[in-house]
Amino acid sequence: MPRIVKVDENGVAAELGFEQGDEILGFDGHPYEDVLDYVFYDGAEKFTINARTKDGELVDCEVEKLPEESIGVEFDDEGQLVPIRCRNKCVFCFVDQLPKGMRKTLYVKDDDYRLSFVSGNYVTLTNVFDKEMERIIRLRLSPLYISVHCFDRKRKTEMIANPEGAKLFDKMKVLAAHGIVMHTQIVLCKGLNDGDILAETLTELAKLRPQVASVAIVPVGLTGHRDGLRELQAIDKETARKVIAQVEEFDKEQGGSFAYCSDEFYLKAELPLPPFESYGDFSQIENGVGLVRSFEREVEESLSGLEISDKKGEVAFITGQSFKGQLKKCLDKVQPYFPNCRFRIADIYNDWFGRSITVAGLITATDIMAQAKDMPAYTVIPSTMLREFTHTFLDGVSVEELAAKLNTNIIISASGADLVRAAKEATE
C-alpha cells in the first residue's frame, strides 16, 4: 500500500492528523489500487479514508470537503501505474513488426484501461472483466479510447487471436449505459474488416451514440519486418478511395462529426482533405484525423498581423514522404513574409521500418543522418518523431546527437505555429 511521504499543511489530510509514514489502505471500503483512486477521491466531496497509521493502528476518517479542496498528500512509488500487458496477438500489431536490436521497452505491448483514461491510449478491453468494469464505472473513468476493428465476432477473434475480443460490444453497451464516453478506432485491413464488415461495425457503433462519441478509421501500417507474420495487403489508392466514400456517406447519414477517415487515407487516395470545420472538436487528432487541417490553421493564425522581414536566412524542414506535399503548401504561405529566407524540405525515406511507412512520426535519426546532407544553420523536426516526453528518436538517438552529426541547430516543431517561429529564428 502507498505510504505517505509528505503532507500538505494546508490540505485535508493535515487537518485529519495524517503524518508522514501513514499508509492509505483505500477509500469507502474499496482497496487502494493505484493513483487513480487518489485522483478520483481528491475531487470528491464526501467519502471515507481507510488508513493504517505508522504505529499500526487501523483508522477510518470521514471526509467532507469542497471538490476543489485537496486531500494533500504525496506517496512513495507504491500504487503508481504499472502498465497492464496486452493479451492479444493482433494480425496488424506494429510492435510485432519492429526490427530487432531496438530498446527492450519498445517491444512491450500494453493494453491498459487506466492509460486509456490518463493518456488516450487505445485499448481492446480484452483484459477488462467484472472487477475492472465496476472500477471504471465507479471512478467514472471517462472518456476511454477503444480499439474496435470490427463488430463481427468471428472476424474479431480472428484479427486479434483472443476470443475475449468477441465480447467487446457487450462491454461497451454496459459502459455506455453508465454514461462512460468512448472514442473508438478501426485499424482497417484490406479483405478483413472493410466493405460489408466495416458497414456493420459503423452501424453498431452508431447505436451507442452519444456515449460512443467518434470513430476513426486508420489504414494498417505494414513495415518491412513481417517475416513469419500473416500476409496483409497495404491500403492502395483505389481501396483508400472506396473506404473514404463509404465512411463519408455513413457520416453524412449520421449528421456529421462522428465517423472519420484519418488524413493518411486522403493522402493515399490523392483526394482533398475535408474542410477544417468538418472535424468538430478534433477529438481524434491523435489518430491523425484533422491533423493537417489543424496544422494549416495554426500556420495561418501565426501569420495574421505578422510584419514582413527582409532579413536573409535558411532553414530546412525534415518530414516523411506522405506529408511533404502538405508541408510545401504551408511553407508557400509563410514564404511571402520572409522573402529572403530560403526554405528547404528534406523528405526522408523510411529505411529503418521499410519504405511502405511514409508518416513523419516513424522517421528515425538513423535515416535522417543517412539522407540529410549539407544542412543549414537551422533545421526543424516534428515533435512526433520523438518518444513522448523525451528528446529521443525511436532508434535511441537523441536530438543533441543528431544536431551534432548534421552540424545544425534543431528546432522541435509541435504545431504549425512553429514553422513561423523557425523562420523568425533563422532570420534574426
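Before reading further, recall that the structure is shown in the block above.
Being a predicted model, the structure only gives us computed values, none of them experimental. (Residues numbered from 1 in each chain as written. Predicted model: local features only at pLDDT ≥ 70, side-chain atom pairs only at ≥ 80, totals over all residues. Heavy atoms only, no water.)

As a further point, take the overall build of the protein chain. Regarding its fold elements, the protein chain presents 14 helices and 14 strands. Summarising its shape, the C-alpha atoms of the protein chain cover approximately 70 × 55 × 45 Å along the three principal directions. Among the 428 residues that make up the protein chain, the fraction classed as buried is 50%. Residue pairs at least 24 apart in sequence account for 68% of intrachain contacts in the protein chain once pairs closer than 6 positions are excluded. For the protein chain, the distance from the average position of its 51 positive side-chain charges to the average position of its 71 negative side-chain charges is 8 Å. (Helix = DSSP H or I, 4+ residues; strand = E, 2+ residues; numbered from the N terminus. Buried < 20%, exposed > 50% of the residue type's maximum accessible area, 1.4 Å probe, protein only. Contact = heavy atoms within 4.5 Å. Lys, Arg positive; Asp, Glu negative; His and termini not counted. Charge placed at Lys NZ, Arg CZ, Asp CG, Glu CD.)

Now for the packing of helix α10 (residues 291–303) against helix α11 (residues 324–334). Between α10 and α11, whose axes approach to 10 Å, the crossing angle comes to 10 degrees. In terms of orientation, α10 and α11 fall into the roughly parallel class. Every residue of α11 that contacts α10 at V292, F295, E296, V299, E300 and L303 is listed here: Q326, C330, K333 and V334. When its residues are assigned to classes, the contact of α10 with α11 shows six nonpolar, one polar and three charged. (Axes fitted to C-alpha atoms, helices over the stretch in contact; angles between N-to-C directions. Parallel < 35°, antiparallel > 145°, perpendicular 65-115°, else oblique. Nonpolar A, V, L, I, M, F, W, Y, C, P; charged D, E, K, R; others polar.)

Right, let's get into helix α2 (residues 35–42). The element α2 is largely enclosed, with a buried count of six among its eight residues. The secondary structure elements touched by the buried residues of α2 are β2 (23–27), β3 (30–31), β4 (46–52), β6 (73–75), α3 (113–119) and α4 (130–138). Taking the backbone nitrogen of L36 as reference, a side-chain oxygen 2.9 Å away marks D34 as the first, capping residue of α2. (Polar contact = N/O pair within 3.5 Å; in protein donor to acceptor, adjacent residues only side chain to side chain.)

Counted by the stated rule, this structure contains one cavity of 30 Å³ or more. Approximately 50 Å³ is the volume attributed to the largest cavity. Along the walls of the largest cavity sit C150, F151, R153, K156, G165, A166, L168, F169 and D170, which together make up its complete lining. When residues of the lining of the largest cavity are traced back to their parent elements, those giving at least two are α5 (153–160) and α6 (168–177). Top element by residues in the lining of the largest cavity is α6. It accounts for three residues. Grouping the amino acids of the lining of the largest cavity by side-chain chemistry returns five nonpolar, one polar and three charged. (1 Å grid on protein atoms, 1.4 Å probe; cavity = no way out; pocket = protein on both sides within 12 Å on 5 of 7 lines; lining within 4 Å. Points joined across faces, edges and corners; volume = space filled by probe spheres on them.)

Moving on to the state of the cysteines. Throughout this description, disulfide means a covalent bond between two cysteine sulfur atoms. This model, assessed by the stated rule, comprises zero disulfides. No disulfide involves C150; its nearest neighbouring cysteine sulfur is the one of C189, lying 9.5 Å away. Judged by relative accessible area, which is 1%, C150 ranks as buried. Left unpaired, C341 is separated from the closest cysteine sulfur, that of C330, by 16 Å. You can call C341 buried: its relative accessible area is 3%. (Disulfide = S-S within 2.5 Å.)

Here the focus is the nonpolar core. Within the largest apolar cluster, 103 residues are counted, with the highest numbers of intra-cluster contacts made by I49 and I217. In terms of nonpolar packing, the next biggest core, distinct from the first, is built from 20 residues, I318, A372, V397 and A403 among them. (Core = buried A, V, L, I, M, F, W, Y, C linked by side-chain atoms within 4.5 Å.)

Quick look at the pattern of salt bridges now. Under the definition given, this model contains 32 salt bridges. Across the pair R355 and D351 runs a salt bridge whose closest N-O atoms are separated by 2.7 Å. One continuous salt-bridge network, built from bridges that share partners, spans E33, D34, D37, D112, R114 and R135. (Salt bridge = Lys/Arg side-chain N within 4 Å of Asp/Glu carboxyl O.)

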